Each structure stands twice: as C-alpha cells, then as structure tokens.
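Listed here are the chains, written in short residue letters.
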Amino acid sequence: MFPERLKALRKKNGWTQREAAEATGMSYRGLQDLEGGKKPGYDSLLKLADGFEVSVDYLMGRTDDPRLHQLDE
C-alpha cells in the first residue's frame, strides 16, 4: 500500500522521483527504494508527509483521507 500511495502522490504533483526527493528533503536513492517497496523509517515518513502535505496515516494506508489533522494550540 505505501509504495503505491507514494508513487501516486508524486505523480499527482507532476514530479519526477528526483523532484519529489528534493521537495521532501530525501535522497533520490532513498525515494527510489521506498517506491520499490522498502519499509520507511520514522524520519522518512515525517519528511514525506510534510512534503506532500498529507497525514502519515494516509501514507501508510490507515485512512483514505489525505488531510492533515493537527491539534489546535
């Protein structure tokens, strides 16, 4: 589920893997590995969620709602 979501988000933004890596603060190779099925670490999940402006739960397939849910301060 995760690799498919990641690739779909990247394509939705019209980004190449290299552009997505730059936009999310990841390495090109790291992004390639994740799209290829490597399990993401905590730091990678946060970078991707922030870069694509979606929730970690959405990235991981726990919800189909991509919106961020933030606590009110």
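J.: I'd like a rundown of the overall build of the protein, residues and numbers included.
T.: A tally of regular secondary structure across the protein gives five helices and zero strands. Listing each helix as α and each strand as β along the protein from the N terminus yields α-α-α-α-α. In summary, the protein has a C-alpha radius of gyration of 12 Å against a globular reference of 11 Å for 73 residues, a match within 12%. In the protein, of all internal contacts separated by at least 6 residues, the share reaching a separation of at least 24 is 44%. Separation between the mean location of the 12 positive side-chain charges and that of the 13 negative ones in the protein comes to 8 Å.

J.: Summarise the packing of aromatic side chains; cite the residues concerned and give the values.
T.: Counted by the stated rule, this structure contains one aromatic pair. For the ring pair tryptophan 15 and phenylalanine 52, a centre distance of 5.4 Å and an interplane angle of 40° mean the geometry is tilted. Separated by 37 residues along the polypeptide, tryptophan 15 in the loop between helix H1 (2-12) and helix H2 (17-24) and phenylalanine 52 in helix H4 (residues 42-52) bring together distant segments of the chain. On the basis of relative accessibility, which here comes to 24%, the residue tryptophan 15 falls in the partly exposed class. The cationic tip of arginine 5 hangs over the ring face of tyrosine 58; the distance from NZ or CZ to the ring centre is 4.1 Å. Seen from the ring of tyrosine 28, arginine 18 lies directly overhead, with NZ or CZ sitting 3.9 Å from the centre.

J.: Summarise the environment of alanine 23; cite the residues concerned and give the values.
T.: Residue placement: alanine 23 occurs in helix H2. According to the relative accessible area criterion, alanine 23 is partly exposed, its value standing at 39%.

Procedures and definitions
Residues numbered from 1 in each chain as written. Predicted model: local features only at pLDDT ≥ 70, side-chain atom pairs only at ≥ 80, totals over all residues. Heavy atoms only, no water. Helix = DSSP H or I, 4+ residues; strand = E, 2+ residues; numbered from the N terminus. Rg over C-alpha atoms; globule rule 2.2 N^0.38 Å. Contact = heavy atoms within 4.5 Å. Lys, Arg positive; Asp, Glu negative; His and termini not counted. Charge placed at Lys NZ, Arg CZ, Asp CG, Glu CD. Phe/Tyr/Trp six-rings, centres within 6.5 Å; stacked < 30°, edge-to-face > 60°. Buried < 20%, exposed > 50% of the residue type's maximum accessible area, 1.4 Å probe, protein only. Lys NZ or Arg CZ within 6 Å of the ring centre and 35° of its normal.

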